[in-house]
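A closer look at the structure
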Amino acid sequence: MTTENVMLAVGNSMMGDDGAGPLLAEMMEANPIPNWTVVDGGSAPENYSHTVRALRPKRLLIVDASDMQQDIGSLRIIDKDLIAEMLFMSTHNMPLNYLIEQLEEDIEEIIFVGIQPDLVSFGFPMTEKVKAAVEHLYSLIKDNRINDIQAL
């Protein structure tokens, strides 16, 4: 099975703003965007690499809350080499640059979008600025304008 685009959501919705990726997945499942398939990788996206590979997308969009020292709710395209160099806030078992490097063997284009969180703590709700950023990202995907996002 081949799909045009896959969005891999990363994060934990029980951890405040870390739920940005899963919220985007919910939005895309509730209001599907043509030519997009959603995979919610939660806090262990490496466990879904086989699912993503089986879909054989031309383009993979990975979305995660990432502490990039930007304004809260900022969206940035992050190069995989920067993931390794920067001290990214991570609630994940494996650094995302390793996952990206594995998937690059099979996927032509991989775009990692970080959303700057404010509060990442168990049991806290997502902040309004991060919710607004997720809604903005949804519209950029829908309008095929992902590349309008500034690179870090």
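Structure report, in brief. (Residues numbered from 1 in each chain as written. Predicted model: local features only at pLDDT ≥ 70, side-chain atom pairs only at ≥ 80, totals over all residues. Heavy atoms only, no water.)

Let's shift gears to the sheet that holds strand 2 (residues 36-40). The strand order across the open sheet formed by five strands is 2-1-3-5-4, and the pairing between neighbours is mixed. Looking at which strands have only one partner, the edges of the open sheet turn out to be strand 2 and strand 4 (75-77). Recorded for the sheet is a direction-independent mean angle of 20° between the axes of neighbouring strands. Docked against the sheet, helix 1 (residues 20-30) engages strand 1 (5-9), strand 2, strand 3 (59-65) and strand 5 (109-115), running at close to 140° with respect to strand 1. Strand contacts of helix 5 (residues 128-142): strand 2, strand 3, strand 4 and strand 5, with the helix running at about 155° to strand 5, the strand carrying the most contacts. (Pairing = 2+ DSSP bridges. Helix = DSSP H or I, 4+ residues; strand = E, 2+ residues; numbered from the N terminus. Axes fitted to C-alpha atoms, helices over the stretch in contact; angles between N-to-C directions. Contact = heavy atoms within 4.5 Å.)

Let us now look at the packing of helix 1 against helix 5. Close contact between helix 1 and helix 5 brings their axes to 10 Å; oriented N to C, the two are set at 45°. Judged by the angle between their axes, helix 1 and helix 5 are oblique. Seen along the crossing, helix 1 lies across helix 5 with a hand that is right-handed. Where helix 1 approaches helix 5, its residues A20, L23, L24, M27 and M28 are matched on the opposing element by V130, K131, V134, E135, L137, Y138 and I141. Here the contact of helix 1 with helix 5 is built from residues that sort into ten nonpolar, no polar and two charged. (Parallel < 35°, antiparallel > 145°, perpendicular 65-115°, else oblique. Left-handed = near helix turned anticlockwise from the far one by under 90°. Nonpolar A, V, L, I, M, F, W, Y, C, P; charged D, E, K, R; others polar.)

Applying the stated criterion across every chain, the model contains five salt bridges. For the salt bridge of K80 with E104, the shortest nitrogen-to-oxygen distance reads 3.2 Å. Within this pair, whereas K80 is found in helix 3 (residues 80-85), its partner E104 is found in helix 4 (residues 96-104), the two being separated by 24 residues in sequence. A salt bridge links D148 to R145; the nearest nitrogen and oxygen atoms lie 2.6 Å apart. We classify R145 as partly exposed; its relative accessible area is 38%. (Salt bridge = Lys/Arg side-chain N within 4 Å of Asp/Glu carboxyl O. Buried < 20%, exposed > 50% of the residue type's maximum accessible area, 1.4 Å probe, protein only.)

All right, on to the pairing of strand 2 then. Of the strand pairs in this sheet, strand 1 and strand 2 are connected by five bridges, and their pairing is parallel. Within strand 2, the position partnered with N5 by the bridge is W36. Taken together, strand 1, helix 1 and strand 2 form a β-α-β motif whose crossover is right-handed. (Right-handed = clockwise from strand over helix to strand, strands pointing away.)

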